[in-house]
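Structural characterization, general
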Amino acid sequence: MIAKIAGPSKHLLEFLLALNLRLTKPQFRHLREVVDALIVCEAPKTLTQLNRQLMEKRDPYALADFFTYSPWDCEDVQSKIKKSLIDSALKDNSSESKVILISIDDSMTKKPKTSKHFEPVDFHFNHTEGLSSFGLSFLTMHVKIGKHSYLIDLRPYLKERTVRKLNRKRPKEKRVKFRTKYSLAKEMLADLEPLLPKDNQIYVLFDSWYASAKLIKFCFRKGFNVICRIKHNRKINGKRVSSYAKRLRNKSFNKVMLSSATHLTSTFKGFINDFGEEVKVIISKRHPRDRYPEYFLSTDTSLKAKEVLNYYERRWQVEIDHLYLKTRLGLGDFRLRTVEGITKYLTLCLLALAYLQHRLVKDARLKNISQVIFKHRQEHFQLFLKEVCKMTLEKVLLNQHLKDLCQRQRDIHL
């Protein structure tokens, strides 16, 4: 179902107006049309294709300038998205569970190796494939409060050598500051902290790549508990966690049934280096003869093994966010060169996904994001069809009017 965008989507317009964005009317129009086109367009999401999706096309140079020269602040847009979604979730969740889950993860979108002119693009090690890939790396944060589940933050990651290369050609006031992935994760958590109530149980979830003592300590100081996966060589009480698993027999493991699978678990408590608080460690096997168990850590020692694994399982939602961003919303389809322009493009991709997730929560008939996208496109198809019928009717009436006018002129001459 492919149709031109004949007018603004009512639901998207309501969502954007509720954010109270500090934009001029032309800026707001460009933002609304780009977000709409990101959802409707099925071709690669280049600015040219997005512009072609509009029934009333815009000046392509004006659309490009919206990302490169137009003075709107993408950080302000992201903060408004974050505040609006968190406030909405807390308002609807007043009588439900007081548990808040925050998932942090990174991913990358690939670009051709010949595309050397995109400033933040470089070679990054891909943990999934086990090799380096050329593309853009980014960090995301997903928050789950009750039935509300939103991606609320997205930030590009630039390697140190990339930052040095960019700053050689930039004046001092426009230089880019290098931030590690841990620093970006800390900034995202620090920005989120004032928006969350103090009386809730807050758990930060991440995989073993982020399970550093410094990040765990940072979360603990903020009042957040951490649930993360750890590697087999992580030391607990001065010994590798794998050595504990080798000494355990099958009778030491208890069966834990989750929605996805059944696990055999064994738990113990101890201390990790550079963190003074006691933690709980869960050793998880898929079957009794599993030679490569998984290891999980929780700073909340009161949680049972089933609760820890159940919470960690919710981290999978952030992987679904990455899938939709890269395959349905064109996160990697940008053709902008500068860091600032690409960051603004990523912000609009985040805004598009936030709208889809918000509408999914509000409409009980919709079961997943794919259905929301289909519904959104269906509504635009109906608007487009009405506009075509209206134009056709106007043309028929115009032809009839011209025909009657010619007939009158002929009657006058006779």
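Just so we're clear, the structure is a prediction, and the values are computed from it rather than from any experiment.

**Comments concerning a nonpolar patch on the surface**
On the surface, Met55, Val388 and Met391 cluster together into a nonpolar patch covering about 220 Å² of accessible area. Relative to the helices and strands, Met55 resides in the loop between helix H3 (47-52) and helix H4 (60-68). You can call Met55 partly exposed: its relative accessible area is 31%.

**Some details on the layout of surface pockets**
In this approach the atoms are scanned with a rolling probe the size of a water molecule, which exposes any empty space left behind. Its volume calculated, the largest pocket comes out at about 1,200 Å³. Contributions of two or more residues to the lining of the largest pocket are made by strand S1 (99-110), strand S2 (122-126), strand S6 (225-230), helix H9 (241-247), strand S12 (294-298), helix H10 (305-313) and helix H11 (316-327). Top element by residues in the lining of the largest pocket is S1. It accounts for six residues. Of the residues contributing to the lining of the largest pocket, the split by class is 14 nonpolar, 13 polar and 17 charged. By volume, the second largest pocket is sized at about 820 Å³. Sorting the residues of the lining of the second largest pocket by element identifies helix H5 (74-92), strand S4 (148-157), helix H7 (181-192) and helix H12 (339-362) as the ones contributing at least two each. Looking at the lining of the second largest pocket residue by residue, the class counts come to 12 nonpolar, three polar and 15 charged.

**Points about helix H8 (residues 213-221)**
Each α-helix winds once per 3.6 residues, and so residues spaced three or four apart point in a common direction. All of the buried residues in H8 are Ala213, Leu215, Ile216, Phe218 and Cys219. Elements that come into contact with the buried residues of H8 comprise H7, strand S5 (201-206), S6 and S12.

**Details of the pattern of salt bridges**
For the structure shown, the criterion picks out 25 salt bridges. Two residues, Glu187 and Arg179, come together in a salt bridge whose shortest N-O distance is 2.6 Å. A salt bridge links Arg286 to Asp290; its shortest N-O distance comes to 3.3 Å. Assessed through its relative accessible area of 58%, Arg286 is described here as exposed.

**Structural notes on the pairing of S4**
With 10 of its 10 residues buried, S4 lies for the most part within the structure. In this sheet, S4 lies alongside strand S3 (residues 131-145) in antiparallel orientation, the contact comprising nine bridges. By the bridge assignment for S4, Ile145 is matched with His148.

**Digging into the side chain of Glu379**
Looking at the secondary structure, you find Glu379 in helix H13 (residues 369-413). Polar contacts involving the side chain of Glu379 include one to the side chain of Arg359, which spans 2.5 Å. Excluding its chain neighbours within four sequence positions, the residues that come into contact with Glu379 are Ser9, His11 and Arg359.

**Concerning unusual backbone geometry**
Although it is not a glycine, Asn20 sits at a positive phi angle of roughly 55°. Along the chain, Asn20 turns up in the loop between helix H1 (10-19) and helix H2 (25-40). Using a relative accessible area of 55% as the deciding quantity, one classes Asn20 as exposed. Despite not being glycine, Asn237 shows a phi value in the positive range, around 55°. With respect to the helices and strands, the residue Asn237 is situated in the loop between strand S7 (235-236) and strand S8 (239-240).

**Focus on the environment of Ala352**
If you trace the backbone, Ala352 turns up in helix H12. Taking C-alpha positions, Ala352 is 15 Å from Asp333, a pair spaced 19 residues apart along the chain. Those residues in contact with Ala352 that sit more than four places away from it in its chain are Val35, Ile39 and Leu329.

**Details of a positive patch on the surface**
Together, Lys113, Lys116, Lys165, Arg168 and Lys169 make up a positively charged patch on the protein surface. For Lys169, the location among the structural elements is in the loop between helix H6 (160-167) and H7.

**Re the nonpolar core**
Soluble globular proteins: nonpolar side chains tend toward being buried together. Counting residues in each nonpolar core, the largest one holds 102 residues, and the members touching the most others are Ile102, Leu189, Phe206, Leu348 and Leu351. Top contributing element to this core by residue count: H12, with 13 residues. In this structure, Leu348 is in contact with Leu31, Val34, Val35, Leu38, Phe66, Phe67 and Trp72, ignoring residues within four places of it in sequence. Counting 15 residues, the second-largest nonpolar core is a separate cluster that includes Val256, Phe296, Leu309 and Tyr312.

**Notes on the packing of H7 against H8**
Where H7 meets H8, the axes come as close as 11 Å, and the angle between the chain directions of the two elements is 10°. Comparing their axes, H8 and H7 come out roughly parallel. In this structure, H7 contributes Tyr182, Lys186, Leu189 and Ala190 to the contact, and H8 contributes Lys214, Leu215, Phe218 and Cys219. A per-class count over the contact of H7 with H8 returns six nonpolar, no polar and two charged.

**A look at the pairing of strand S10 (residues 262-270)**
Across four bridges, strand S9 (residues 254-257) lies against S10 in antiparallel orientation. Residue pairing across strands places Asn254 opposite Thr265, the latter belonging to S10. Pairing between S10 and strand S11 (residues 279-285): seven bridges, direction antiparallel. Bridged to Lys269 within S11 is Lys280.

What counts and what doesn't
Residues numbered from 1 in each chain as written. Predicted model: local features only at pLDDT ≥ 70, side-chain atom pairs only at ≥ 80, totals over all residues. Heavy atoms only, no water. Patch = residues over 30% accessible without salt bridge, like charges linked within 9 Å, V, L, I, M, F, W, Y side chains within 5 Å. Areas by Shrake-Rupley, 256 points an atom, 1.4 Å probe, with all protein chains shown as cover. Salt bridge = Lys/Arg side-chain N within 4 Å of Asp/Glu carboxyl O. Helix = DSSP H or I, 4+ residues; strand = E, 2+ residues; numbered from the N terminus. Buried < 20%, exposed > 50% of the residue type's maximum accessible area, 1.4 Å probe, protein only. 1 Å grid on protein atoms, 1.4 Å probe; cavity = no way out; pocket = protein on both sides within 12 Å on 5 of 7 lines; lining within 4 Å. Points joined across faces, edges and corners; volume = space filled by probe spheres on them. Nonpolar A, V, L, I, M, F, W, Y, C, P; charged D, E, K, R; others polar. Contact = heavy atoms within 4.5 Å. Pairing = 2+ DSSP bridges. Polar contact = N/O pair within 3.5 Å; in protein donor to acceptor, adjacent residues only side chain to side chain. Lys, Arg positive; Asp, Glu negative; His and termini not counted. Charge placed at Lys NZ, Arg CZ, Asp CG, Glu CD. Core = buried A, V, L, I, M, F, W, Y, C linked by side-chain atoms within 4.5 Å. Axes fitted to C-alpha atoms, helices over the stretch in contact; angles between N-to-C directions. Parallel < 35°, antiparallel > 145°, perpendicular 65-115°, else oblique.

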